[in-house]
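Residue strings, one per chain:
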Amino acid sequence: SQQGEEDPQALSIQEGENATMNCSYKTSINNLQWYRQNSGRGLVHLILIRSNEREKHSGRLRVTLDTSKKSSSLLITASRAADTASYFCATDLTGGGNKLTFGTGTQLKVEL
Amino acid sequence: KAGVTQTPRYLIKTRGQQVTLSCSPISGHRSVSWYQQTPGQGLQFLFEYFSETQRNKGNFPGRFSGRQFSNSRSEMNVSTLELGDSALYLCASSLEGDRPLLYDFGPGTRLTVT
C-alpha cells in the first residue's frame with residue numbers, strides 16, 4: 001500500500017506561473033524525496049530533504065518538510081512547458097528497510 | 001555515466017504465460033530494486049537485491065520472483081501471468097552505503113497481458 005496522498009491529483013497552469021504540490025505521509029521517515037516522471041517513463045530524482053531539515057532549494061525547486069504534520073510540499077517556480085510531468089514524493093521510512101514508498105503523484109501540465 | 005538499462009522495453013504476453021525482465025544497473029551500483037507501476041495502485045515496491053541476496057520483499061504473490069547476478073545485473077520473473085500484471089516495471093539501482101537511499105531509475109518495461 002502507498003504511504004500517503006499527494007494533492008492535487010492534477011494541476012494545470014500557465015508557463016511562468018508557480019506550481020505547488022503537496023504530499024502527506026503516515027509514519028516516521030528518514031528522509032523524503034521528490035521524483036519526476038515524464039509520460040510513462042522512468043523516474044528522475046529531483047531533490048531530497050532529510051527528516052531534520054525544514055526547507056531545501058535546488059534551482060527552481062523548493063521543498064519544505066513539516067514532520068509534525070507529516071507533510072511536504074514541492075514548489076516549482078517560473079514553470080516551463082518542459083516541466084509537464086507527473087511528480088511523486090517518496091519516503092524512506094524509519095525501520096522500513098532499503099526501499100522507498102511512493103505517493104500517488106500529481107500530474108502537472110504547463111501550458112504555453 | 002551510462003544509466004540503468006532495462007530490456008525489453010515493451011512486451012505483450014498472454015494470460016498463463018511467464019515473463020522475464022532484465023535490468024542492468026549503473027556501473028558500481030550494487031543494489032537493485034524493482035517497482036511495479038499501475039494506474040490503480042501506483043508505484044509498488046516488489047523487491048530489492050544486494051550482492052545476489054534478496055534483502056527486502058514487497059507484498060506480492062509468489063508468482064513474482066527475482067534474482068541478482070554477480071555482476072549486479074538483475075532479472076525478475078512473473079509466472080502464470082494475469083491480466084492485472086499489466087504494468088510498467090521499473091528497475092532502480094543505488095550504491096550500497098549509509099542513507100540516504102538515492103536511486104537511479106531505468107526507463108521501465110511496459111508489460112501488457114492479454
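Below is a short write-up of the structure.

Conventions adopted
- Residues numbered from 1 in each chain as written.
- Chains lettered and ligands numbered in written order.
- Predicted model: local features only at pLDDT ≥ 70, side-chain atom pairs only at ≥ 80, totals over all residues.
- Heavy atoms only, no water.
- Contact = heavy atoms within 4.5 Å.
- Buried area = accessible area lost by both parts, 1.4 Å probe.
- Salt bridge = Lys/Arg side-chain N within 4 Å of Asp/Glu carboxyl O.
- Polar contact = N/O pair within 3.5 Å; in protein donor to acceptor, adjacent residues only side chain to side chain.
- Helix = DSSP H or I, 4+ residues; strand = E, 2+ residues; numbered from the N terminus.
- Nonpolar A, V, L, I, M, F, W, Y, C, P; charged D, E, K, R; others polar.
- Pairing = 2+ DSSP bridges.
- Phe/Tyr/Trp six-rings, centres within 6.5 Å; stacked < 30°, edge-to-face > 60°.
- Buried < 20%, exposed > 50% of the residue type's maximum accessible area, 1.4 Å probe, protein only.
- Axes fitted to C-alpha atoms, helices over the stretch in contact; angles between N-to-C directions.

A short note on the interface of chain B and chain A
In step 1: Listed per partner, the contact involves 22 residues of chain B and 22 residues of chain A.
In step 2: For the pair chain B and chain A, the summed buried surface comes to about 1800 Å²; carbon and sulfur atoms form 51% of the total.
In step 3: Where chain B meets chain A, there are zero salt bridges.
In step 4: Counting every contact that joins chain B to chain A gives four residue pairs in polar contact (both at pLDDT 80 or more).
In step 5: For the side of chain B that touches chain A, the secondary-structure elements that each account for two or more residues are strand E4 (31-38), strand E5 (42-50), strand E6 (53-57) and strand E9 (87-94) of chain B.
In step 6: Counting residues per element, the side of chain B that touches chain A draws most heavily on E5(B), which supplies five residues.
In step 7: Considering only residue class, the side of chain B that touches chain A consists of 11 nonpolar, seven polar and four charged.

Describing the sheet that holds strand E6 (residues 55-58) of chain A
Paired through their backbone hydrogen bonds, the strands of a sheet run either parallel or antiparallel.
Residues and elements named next belong to chain A.
In step 1: Reading across from one edge, E1-E3-E8-E7-E6 is the order of the five strands in this open sheet, with antiparallel pairing throughout. The open sheet has two edge strands, strand E1 (6-7) and E6, and neither has a second partner.
In step 2: Pairing analysis gives two bridges linking E1 to strand E3 (residues 19-24), with the strands arranged antiparallel. Bridging from a neighbouring strand, Asp7 pairs with Asn22 of E3.

Topic: the packing of aromatic side chains
Residue and element names in this part refer to chain B.
In step 1: Considering all chains together, one arrives at nine aromatic pairs over all chains under this definition.
In step 2: Where Tyr35 meets Phe105, the ring centres are 5.9 Å apart and the plane angle is 50°; that geometry is what we call tilted. On the criterion of sequence distance, the pair formed by Tyr35 in strand E4 and Phe105 in strand E10 (residues 104-105) is long-range, its members being 70 residues apart. No difference in accessibility class separates Tyr35 from Phe105, as the two residues are buried.

Brief notes about the sheet that holds strand E7 (residues 64-68) of chain B
All names here are of chain B.
In step 1: Strands sit in the order E1-E3-E8-E7 across an open sheet of four strands; the sheet is antiparallel. Only two strands of the sheet have a single partner each, and these edge strands are strand E1 (5-7) and E7. If you compare each strand with its neighbour and ignore which way they point, the axes differ by 20° on average.
In step 2: Looking at chain direction, E7 and strand E8 (residues 74-78) are connected through five bridges and run antiparallel. Counterpart to Gln68 in the pairing with E8 is Ser74.

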